[in-house]
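Chain by chain, the residues run as shown.
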Amino acid sequence: SARSAARALSAIRGFYRFLVRYGMVEVDPTANLQSPQLWHTVPHALTAAEVEALLAAPDVDTPLGLRDRAMIEVLYATGLRVSELCGLALDRVHLDPSFVRVIGKGGKERLVPLGDQAADWVDRYLGEARTELVRERAPEVFLNHRGRRLTRQGFWKILRGHGLAAGITSPLSPHIVRHSFATHLVEHGADLRAVQMMLGHSSLTTTEIYT
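Now for a quick tour of the structure.

Cut-offs and rules
- Counting restarts for each chain: residues are numbered from 1 in the order of the written sequence.
- With pLDDT at 70 or above as the cut-off, local features in this predicted model cover only qualifying residues; side-chain atom pairs require 80 or more to be listed or tallied, and sums for whole chains, interfaces and linings still use all residues.
- Side-chain measures here rest on the full set of heavy atoms in the structure, leaving out hydrogens and waters.
- The criterion for an aromatic pair is that two Phe, Tyr or Trp rings (for Trp, the six-membered ring) have centres within 6.5 Å, with stacked assigned to planes under 30 degrees apart, edge-to-face to planes over 60 apart and tilted to the rest.
- Only protein chains enter the calculation, and the probe is 1.4 Å; a residue is then buried if its accessible area is under 20% of its type maximum, exposed if over 50%, and partly exposed in between.
- Buried Ala, Val, Leu, Ile, Met, Phe, Trp, Tyr and Cys residues form a nonpolar core when they are joined through side-chain atoms within 4.5 Å.
- Only DSSP runs of H or I covering at least 4 residues are called helices, and only runs of E covering at least 2 are called strands; the numbering of each starts at the N terminus.
- Contact criterion: two residues are considered in contact whenever any of their non-hydrogen atoms come within 4.5 Å of each other.
- Strand pairing is assigned whenever DSSP detects at least two bridges linking the two strands.
- Lines are fitted to the C-alpha atoms to define the axes, a helix being fitted only along its stretch in contact, and any angle between axes, read from their N-to-C directions, falls within 0 to 180 degrees.

Describing the packing of aromatic side chains
Then, number 1: Applying the stated criterion across every chain yields a total of three aromatic pairs.
Then, number 2: Ring centres of phenylalanine 15 and tyrosine 16 lie 5.6 Å apart, and the angle between their planes is 70°; on these two criteria the pair is classed as edge-to-face.
Then, number 3: Classification of phenylalanine 15 as partly exposed rests on a relative accessible area of 46%.
Then, number 4: Judged by its relative accessible area of 24%, tyrosine 16 is partly exposed.

Next comes the structure, spelled out in structure tokens:
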């Protein structure tokens, strides 16, 4: 693909810059090579019915199921990156009014509305489930069964399991839920600049793919 070719060309250019800098070659044969044009692919998004089924999949009568429901609610309500979700600290979650303070790429902070439904599930998780999961002092909101921070890979497996239980046969990942959040916002008339700010995109061009 053009993206793979561009990645390979970038590596080769870096290699020849190294060779020229240290006098191992006199001419950089990649100097005049043009990178292939990259095509923007339309991201896959879940349907509204699939989102509802996914949210209803965890067994909220168990601490882990309640945690999973709260995590998926937050993920769909905010469009956080999976690393941002797993690293979300207790002191960055506000339930009244409901929003989260997120540290994104490059250490940039942004405020993202949480929504009443997601806030309610987070409040229930904190009051009923997290107290049973925590083993020692932990700053993160969402913990694994050992009472420690949940990893990105761990949540990916959890989400995939609930997706299968919900009957979602297409590929599912935290990023797909993030795409769904943005796509559904745009479909319902949200301002593109506002979506950009909530997603933490540095360029509006990245967000424009959802149009």
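Observations concerning the nonpolar core
Note that soluble globular proteins tend to have their nonpolar side chains buried in a common cluster.
Then, number 1: Counting 48 residues, the largest nonpolar core has Leu46, Leu54, Leu85, Tyr125, Phe142 and Phe155 as its most contacted members.
Then, number 2: It is helix 3 (residues 63-78) that contributes the most residues to this core, six residues altogether.
Then, number 3: In this structure tyrosine 125 touches Leu66, Arg67, Ala70, Arg130, Leu133, Val141, Phe142 and Leu143, once residues within four positions along its chain are discounted.

Observations concerning the sheet that holds strand 3 (residues 109-113)
Then, number 1: Across the sheet, which stays open at both edges, the three strands sit in the order 1-2-3 with antiparallel pairing between neighbours. On the outer flanks of this sheet lie strand 1 (93-95) and strand 3, each paired with one strand and no other. Strand-to-strand, the axes of this sheet are offset by a mean angle of 15°, without reference to chain direction.
Then, number 2: Sheet analysis places strand 1 next to strand 2 (residues 98-103), joined by three bridges and oriented antiparallel.

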